[in-house]
Structures are given as C-alpha cells and as structure tokens.
Amino acid sequence: MEFFLRAQFLIPLISVLALFPLSESNNNQFCDATNIYGNSGCDVMSSVSSKILIKGGTVVNAHHKEVADVYIEDGTIVAVQPNIKVGDDIKVIDATGKFVMPGGIDPHTHLAMEFMGSETIDDFFSGQAAALAGGTTMHIDFVIPVDGSLSAGYEAYVEKAKRSCMDYGFHMAITKWNETVSEEMEIMVKEKGINSFKFFLAYKGSFMVNDELLMEGLKKCKSLGALAMVHAENGDAVFEGQKRMIELGITGPEGHALSRPPVLEGEATARAIRLASFVNTPLYVVHVMSINAMEEIARARKSGQRVVGEPVVSGLLLNDSVLWDPDFHFAARYVMSPPIRAAGHGTALQAALAAGVLQLVGTDHCTFNSTQKALGIGDFRKIPNGVNGMEERMHLVWDTMVASGQISVTDYVRITSTECARIFNIYPRKGAILVGSDADIIILNPNSSFKISSKSHHYRTDTNVYEGWTGKGKVETTIAGGRVVWENDELKVIPGAGKYIEMPPFSYLFDGIDKADAKYLSSLRAPVKRSTT
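What you are looking at is a predicted structure, and each value in this text was computed from that prediction instead of being measured. (Residues numbered from 1 in each chain as written. Predicted model: local features only at pLDDT ≥ 70, side-chain atom pairs only at ≥ 80, totals over all residues. Heavy atoms only, no water.)

1. Some details on a nonpolar patch on the surface
Reasoning step 1: A cluster of nonpolar side chains, contributed by Tyr-520, Leu-521 and Leu-524, occupies part of the molecular surface with about 320 Å² of accessible area.
Reasoning step 2: A relative accessible area of 38% means that Leu-524 is categorised as partly exposed. (Patch = residues over 30% accessible without salt bridge, like charges linked within 9 Å, V, L, I, M, F, W, Y side chains within 5 Å. Areas by Shrake-Rupley, 256 points an atom, 1.4 Å probe, with all protein chains shown as cover. Salt bridge = Lys/Arg side-chain N within 4 Å of Asp/Glu carboxyl O. Buried < 20%, exposed > 50% of the residue type's maximum accessible area, 1.4 Å probe, protein only.)

2. Here's the deal with the side chain of Glu-487
Reasoning step 1: Secondary-structure assignment places Glu-487 in strand β21 (residues 483-487).
Reasoning step 2: A residue is classified by how much of its surface remains accessible, and Glu-487, at 14% relative accessible area, is buried.
Reasoning step 3: Residues contacting Glu-487, with those up to four places away along its chain left out, are Lys-91, Ile-93, Glu-476, Thr-477 and Lys-492. (Helix = DSSP H or I, 4+ residues; strand = E, 2+ residues; numbered from the N terminus. Contact = heavy atoms within 4.5 Å.)

3. As for the packing of aromatic side chains
Reasoning step 1: According to the stated counting rule, one finds 19 aromatic pairs in the structure shown.
Reasoning step 2: On the numbers, 6.1 Å between centres and 85 degrees between planes, the contact of Tyr-203 with Phe-207 is edge-to-face.
Reasoning step 3: On the basis of relative accessibility, which here comes to 15%, the residue Tyr-203 falls in the buried class.
Reasoning step 4: In textbook terms, an aromatic cluster arises when at least three aromatic residues are bridged by ring pairs, as seen for Phe-124, Tyr-154, Tyr-157, Tyr-168, Phe-170 and Tyr-500.
Reasoning step 5: The ring of Tyr-157 has Lys-160 sitting right over it, with the charged end atom 4.2 Å from the ring centre.
Reasoning step 6: The ring of Tyr-508 has Arg-422 lying over it, and the distance from NZ or CZ to the ring centre is 4.0 Å. (Phe/Tyr/Trp six-rings, centres within 6.5 Å; stacked < 30°, edge-to-face > 60°. Lys NZ or Arg CZ within 6 Å of the ring centre and 35° of its normal.)

4. Here we look at the UniProt feature "domain: Amidohydrolase-related" (unreviewed entry) in the protein chain
Reasoning step 1: Look at the UniProt record and you will see "domain: Amidohydrolase-related" (unreviewed entry) annotated at residues 99-485.
Reasoning step 2: Along residues 99-485 one finds 38% helix and 20% strand; the C-alpha atoms at either end are 18 Å apart. (UniProt positions renumbered as here; feature names shortened; annotations may be inferred.)

5. Here's the deal with the environment of Pro-527
Reasoning step 1: Along the chain, Pro-527 turns up in the segment after α15 (513-523).
Reasoning step 2: Residues Pro-527 and Ser-454, spaced 73 residues apart in sequence, show a C-alpha to C-alpha distance of 65 Å.

6. Structural notes on the sheet that holds strand β13 (residues 136-143)
Reasoning step 1: One open sheet accounts for 7 strands, arranged β10-β13-β14-β15-β16-β17-β18; its pairing is parallel. One side of each edge strand has no neighbouring strand; the edge strands of this open sheet are β10 (104-109) and β18 (307-311). Taken over all neighbouring pairs, the strand axes of this sheet differ in orientation by 25 degrees on average, direction set aside.
Reasoning step 2: Relative to β18, strand β17 (residues 283-288) is paired through 4 bridges, and the arrangement is parallel. Within the sheet, the bridge partner assigned to Val-288 lies in β18 and is Pro-311. (Pairing = 2+ DSSP bridges. Axes fitted to C-alpha atoms, helices over the stretch in contact; angles between N-to-C directions.)

7. As for the nonpolar core
Reasoning step 1: Counting residues in hydrophobic clusters, the biggest one holds 116 residues, and the most contacted among them are Met-101, Phe-197 and Phe-199.
Reasoning step 2: Residue contacts for Phe-199: discarding those within four places in its chain leaves Ile-174, Val-209, Leu-213, Leu-214, Gly-217, Leu-218, Cys-221, Ala-228, Met-229, Val-230 and His-231. (Core = buried A, V, L, I, M, F, W, Y, C linked by side-chain atoms within 4.5 Å.)

8. Concerning helix α2 (residues 150-160)
Reasoning step 1: Listed in full, the buried residues belonging to α2 are Leu-150, Gly-153, Tyr-154 and Tyr-157. Taken around the axis of α2, the buried residues stretch over an arc of 100 degrees, which confines them to a single face.
Reasoning step 2: Structurally, α2 contributes buried residues whose contacts are with β13, β14 (167-174), α3 (179-191) and β15 (196-200).
Reasoning step 3: Taking the backbone nitrogen of Ala-152 as reference, a side-chain oxygen 3.1 Å away marks Ser-149 as the first, capping residue of α2. (Arc of directions from axis to C-beta. Polar contact = N/O pair within 3.5 Å; in protein donor to acceptor, adjacent residues only side chain to side chain.)

9. As for the packing of α3 against helix α4 (residues 211-224)
Reasoning step 1: Two numbers describe how α3 lies on α4: the axes approach to 11 Å, and their chain directions differ by 35 degrees. Our pair here, α3 against α4, has a crossing hand that is right-handed. On the side of α3, the interface is formed by Ser-182, Met-185, Glu-186, Val-189 and Lys-190, while α4 contributes Gly-217, Lys-220, Cys-221 and Leu-224.
Reasoning step 2: Broken down by class, the residue content of the contact of α3 with α4 amounts to 4 nonpolar, 2 polar and 3 charged. (Left-handed = near helix turned anticlockwise from the far one by under 90°. Nonpolar A, V, L, I, M, F, W, Y, C, P; charged D, E, K, R; others polar.)

10. Thoughts on the packing of α2 against α3
Packed helix pairs are characterised by how far apart their axes lie and by the angle those axes make with each other.
Reasoning step 1: One way to put it is that α2 packs onto α3 with a least axis distance of 9 Å and a crossing angle of 40 degrees. As the angle between them shows, α2 and α3 are arranged oblique. Where α2 approaches α3, its residues Leu-150, Ser-151 and Tyr-154 are matched on the opposing element by Val-181, Glu-184, Met-185 and Met-188.
Reasoning step 2: Classifying every residue of the contact of α2 with α3 gives 5 nonpolar, 1 polar and 1 charged. (Parallel < 35°, antiparallel > 145°, perpendicular 65-115°, else oblique.)

11. Things to note about the environment of Val-143
Reasoning step 1: Take Val-143: it is sitting in strand β13.
Reasoning step 2: Look at Val-143 and you get buried, because its relative accessible area is 0%.
Reasoning step 3: In this structure the C-alpha to C-alpha distance between Val-143 and Leu-323, which are 180 residues apart in sequence, comes to 29 Å.
Reasoning step 4: Once residues within four sequence positions are removed from consideration, Val-143 is found in contact with Gly-153, Tyr-154, Tyr-157, Phe-170, His-171, Met-172 and Ala-173.

12. A few points about the UniProt feature "modified residue: N6-carboxylysine" (unreviewed entry) in the protein chain
Reasoning step 1: Within this structure's numbering, the places UniProt gives as "modified residue: N6-carboxylysine" (unreviewed entry) are Lys-198.
Reasoning step 2: Ignoring any residue separated from it by four or fewer positions in sequence, one finds Lys-198 in contact with His-108, His-110, Phe-142, Met-172, Ala-173, Ile-174, Met-229, His-231 and Val-286.

If you want it as structure tokens, here you go:
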C-alpha cells in the first residue's frame, strides 16, 4: 500500500538522553529542555543503532498472535516472520517467553493544560516520558481554545508540544459557537490534522455548551467527517448540586462526588446520544465512569447507533471511599470529573469492556500536585480536577483485565492501542505490528511484577492515586519511533524527539452514513402535495 512507503516515515537518528528521576521532597524532577546537557542527573547517551531485531517473542496484534521475529529499520517495521537473520551491526533484543505488542495509544490526556486557576504539573515532556516508561508510545491531547479561538488554541498547543519526546495528536475542544468557530473547525480538519471535537456538557460558566451549540457542533462534525466527543454530565444540575452541598456545610472532597451523582452522567450521556442519533453522526463518550452512562451506551449500540464508550483506568479500578478520608490532602488527590464512583461501578465497567460494550481505555491524565490541590481547602469546587494514569495504564489494564482472565492478549492490544488507531484513522500506521507500520513497540513480560509508587514514577507530581498497587505483567522494553527509550528500568528520551501525527477525517465510523441518510429521506413520504383550494 502506498501508505506504507517507508521513506515517508523515516525518523532521523538522534542522540538520546538517559533520564533518571531525581528526588526532591518525594517529587520526581526532570532535566530542563533548555539545560539538558551537563545537567546533574542527566547523562547524554551515544547515538543508537537505527536497526533493531526483536527475536523469539510472541507477536500480538488485535486480530492474531504468532511467535516471530520483528526487524526494524529507521523507525519502521520492515519484517515480521520467524528466524530473521541479520549482521553483527544490528541491536538484538531477546523476547523469548514475552509478548511483543504495539505500543499503547492513550486517547485522552491533558498536558500543560490551564484549568481551574492552575496549570497541570505535567507538560508534554514529563508526561510523555512517564508514558513511555509505562509502555504508551502515543497519546492524543485536548487543545483548549484561547478566548474561544480554535486557531489561537492550536498555535498555543503547538508551542507547548515542542518539547515532546514521543508521538502525539490533538483533539479540539469547542467552548462557544459562531461562524468563525465553524470556519475554524474546517481549517483544523483540512489543514491541521485534527479529526475530533469535544463538547463539554459540564463546567457551567467556563467550558459548558448548551444543546443548541451541541446540535450545531454535531452537524458540523458530520459534514467534516470529524468525530464528535462529549464530556457527559448535566452541568446545570451539577451547579445546583454544588450549591446544595455548600448549603449543607459539606465543603470537603466528598462534596465533589455528592454534587454530581451518576444519574447526572447518565442523563447527559442519554441526551448526547439521542441528539447524535437525530443528526445521524457518530458519537464518542469520554471517561465513562458509571453504570448509568454505560447502560445508555449499551442501549444505543444494541439499536445499531455508532457510539464509542471510553472508560478510564481510574473509573475501572478505584472507588469513591477515598474521598471520605479524613486527610484532605489524601482525599483531594482523587478529585476528578465525572467523579470516581461507588464500589460496583468499576467492576460493571470492566465487564462492559470485556464484552465490547465499551471499546477502548484512556486515562484522562490531568495531574496537579498537593499544593495545587490545596487550593480547594474549605471549598471542594476549587480543587483542580484530575488524576494521573499515563504511566500506569498499560500495567493496570493488563493486571486487571488479562491476568485476571477477563480478556485475551489480543483483546488487550485492541483496547489499549488498535481500536484507538482505527477510531482516529491512523491504523495501520499506528496500533499494529505489521510491515510498514511505525516501530512503536513494547515487550511485556507476563511473569514479571510491577509496583506503583510516587517515589519511583516519572511524573512531576508528588502523589499517585495508585500508590502501592502491585501486579503481574511488566513492560520491560519500549521502542518509540524505532528507538529504544525504556530498557532495564532506564528511560532514554530527549525533548523534541516526538512527532505530531495528523489524523485524517472520515474514519470507519462514517462508513455508510450517507446511505443511512438517503434511506431516512426516502422514508419520510413528504412533503405531501395538498390542494390549496
């Protein structure tokens, strides 16, 4: 296929930087991009070979697995077959007894995001570096418009992403509506490589859009072949719930969960689904956190509607008991929206993921440190919303879903990588170990164990919502863009090595939409010709 012309995707050989976490008040620090050479704790490594052979592993794709070797040249997979012979100048990695899989793709992150009077502590270098250590080799971040301007927002995020050390793409948020926004959406799709737009039904007074704006956005997305995404909570009701909690004297983190119960997530999910059905355009529901929302998605999919449901790791694994902890600082680290739900929701979401009712796993990685979270002491409405997940996602999904027997190894690849690549129209360049695909690969040892700790993670934040979690299945090697960036528990990355991945419109979710529209029009039996006399 022409798409796989290797010359199009050659990645220049670069030196890599060995990144070692430094400890300062239990907080991992990173080498400053402006001072990476000669900086204490940062060693410059010599150039690595652009040719790599992974031998003897079980190669796993979403549709198939086999014992085979994988040969890489200049950032591209050149061969996948047994018993590949190479010369002495090739770096050889023995993967016997291990799984060789496409690197993870995280569909939902927020790096260097200005939000609730603060800015997320992880930027496009630190967050990505941590992700690479955990086996994720690409993510899609959300561009927030500047004063409603999509173009200004895009340019701001291009600047923020200059320090990227792995590949990334962009979604675009829509926070207001006028003709300029409509025109800018077209520019984003046709010129900037963005094929998805997010509409917030929550955060009244800031990001929230009403139904009229959502309808206009859905229609525009359909015309452009772009995927409409929704943060589904009823923002008006949440606002009322927040006032109610404050009046009751409930000002701590537990007030956050109490003010926005599952019923409000379910209502907004149902409303967005029905409006998308009315327009006849695909819909992607981000961070599905409750049984209520999941059941609305299941009902729509059963009827044939094209709805994608994205749970996040925190919703699958955690429960809201942590929000009632008497230590404010501990409880506040778990505040996110929609909130972490009561025990039972997570296991139901896991079952839905295993059954295919939900399609892929994200993180909604949006980290703030303890000082930033403390802005909400005395008023939970001021606690910056967000938790970590980019580094932990691949390990926790393996431990929870595969090691437990809920899903197969091939399904693991599908929900952590391939389905995201298909939805956002970059498969099989990403999300596959096939000849011509980008060499974004992980080697996972199912017999090795992992342990999560804020003292050893690679974020800039000083806390971790999965603190102390242990499990089976460890990513021992990460290859990104044909470079070994994680090996022997050492991270070797450099700011600026990552590439922006343009994502074309009209993914498989749009197949047949025009025929469905034609069928609808032919079914109307209207207008009826009537006599005017």
